[in-house]
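Chain by chain, the residues run as shown.
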Amino acid sequence: MSEAGAPFPLVLSAPSGAGKSTLASMLRQRNRDVAFSVSATTRAPRPGEVDGVHYHFVSEPEFLRMRDAGELIEWAPVHQNYYGTPVKELHRAQARGEHLLMDIDVQGARQIRERVPEAVLVFILPPSGRALVQRLAGRGTESADVLERRLRNAEDEIRAAPEFDFVVVNDRLERAVDDLEAVLRGRKPARRGPEIEATVARLCAEVERELGPDGPVERLRQKGPR
């Protein structure tokens, strides 16, 4: 980790449905010395997205060139597209004396650990397995197979929480942002150690119950295709 008071990259990872993007946005709004990292991607822009603001939109050959030239801190293939964090994002934040806030998955966080040792890694956990299901289910448009896949992916990611420097449980939004802010300012109230291992075990057990014969996935499956 970096010396106290020096700006450092702050990496946030979480299973889908844990509220990571909302927490990142609120942390940025409350702290002017926090800069969002703009990722590079090969996917096409969605309506309203601006190149250089939401993403750096590049072709696949250009992305692979950036990767091979060492211009990406981390990268990963996601749903037939590539995503990665350009090194220039880190250099710009350092030049301005800002913390670079990176909203990336577990795979990317592991790469950051190896390549940017001063980075601080925080994992966001949902308060319960049921809360995770409710968030993932959203408007109820997912099929049983999709919901099951998302829950199993989430469970795999939750098991990675002990690898991180700190863990924040997003049970109350404002309190979770306070915890992230405390990590940012060196007060570090977020959880570590055996307490986290117990929380991870509890959440994984709850997810397994949600995947069981009396859970929402099976109820969706019994209803048949939408």
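Residues numbered from 1 in each chain as written. Predicted model: local features only at pLDDT ≥ 70, side-chain atom pairs only at ≥ 80, totals over all residues. Heavy atoms only, no water.

Structural notes on helix α4 (residues 106–115)
Then, in step 1: Restricting attention to buried positions, one finds in α4 the residues V106, G108, A109, Q111 and I112.
Then, in step 2: Buried residues along α4 sit against β1 (10–13), β5 (72–78), β7 (99–103), β8 (120–125) and α6 (144–158). (Buried < 20%, exposed > 50% of the residue type's maximum accessible area, 1.4 Å probe, protein only. Helix = DSSP H or I, 4+ residues; strand = E, 2+ residues; numbered from the N terminus. Contact = heavy atoms within 4.5 Å.)

Some words on the pairing of β7
Then, in step 1: The buried fraction of β7 amounts to 4 of the 5 residues, a majority that puts the element mostly inside the structure.
Then, in step 2: When β1 meets β7, the two strands line up parallel, connected through 3 bridges. Along β7, the bridge assignment pairs V11 with M102. (Pairing = 2+ DSSP bridges.)

A closer look at the sheet that holds strand β9 (residues 166–169)
Then, in step 1: Pairing is parallel across the open sheet formed by 5 strands, whose spatial order is β2-β7-β1-β8-β9. Edge positions in the sheet fall to β2 (34–36) and β9, since each of these pairs with one other strand and no more. Between one strand axis and the next, the sheet turns through 25 degrees on average, direction left out of account.
Then, in step 2: Packed onto the sheet, helix α7 (residues 173–184) meets β1, β2, β7, β8 and β9 and runs at close to 160 degrees relative to β9. (Axes fitted to C-alpha atoms, helices over the stretch in contact; angles between N-to-C directions.)

Points about the sheet that holds strand β3 (residues 40–41)
Across a sheet, strands are paired by hydrogen bonds formed along the backbone, either parallel or antiparallel in direction.
Then, in step 1: Spatially, β4-β3-β6-β5 is the arrangement adopted by the 4 strands of the open sheet, whose pairing is mixed. The open sheet terminates on both sides in strands that have one partner only, identified here as β4 (56–57) and β5.
Then, in step 2: Inspection of the sheet shows β3 paired to strand β6 (residues 81–86) by 2 bridges, in the antiparallel sense. Across the sheet, A40 pairs through a bridge with G84, a residue of β6.
Then, in step 3: Packing against the sheet, helix α2 (residues 60–68) makes contact with β3, β5 and β6, and its axis sits at approximately 45 degrees to β6.
Then, in step 4: Where helix α3 (residues 87–95) meets the sheet, it contacts β4, β5 and β6, and its direction lies at approximately 25 degrees from that of β6.

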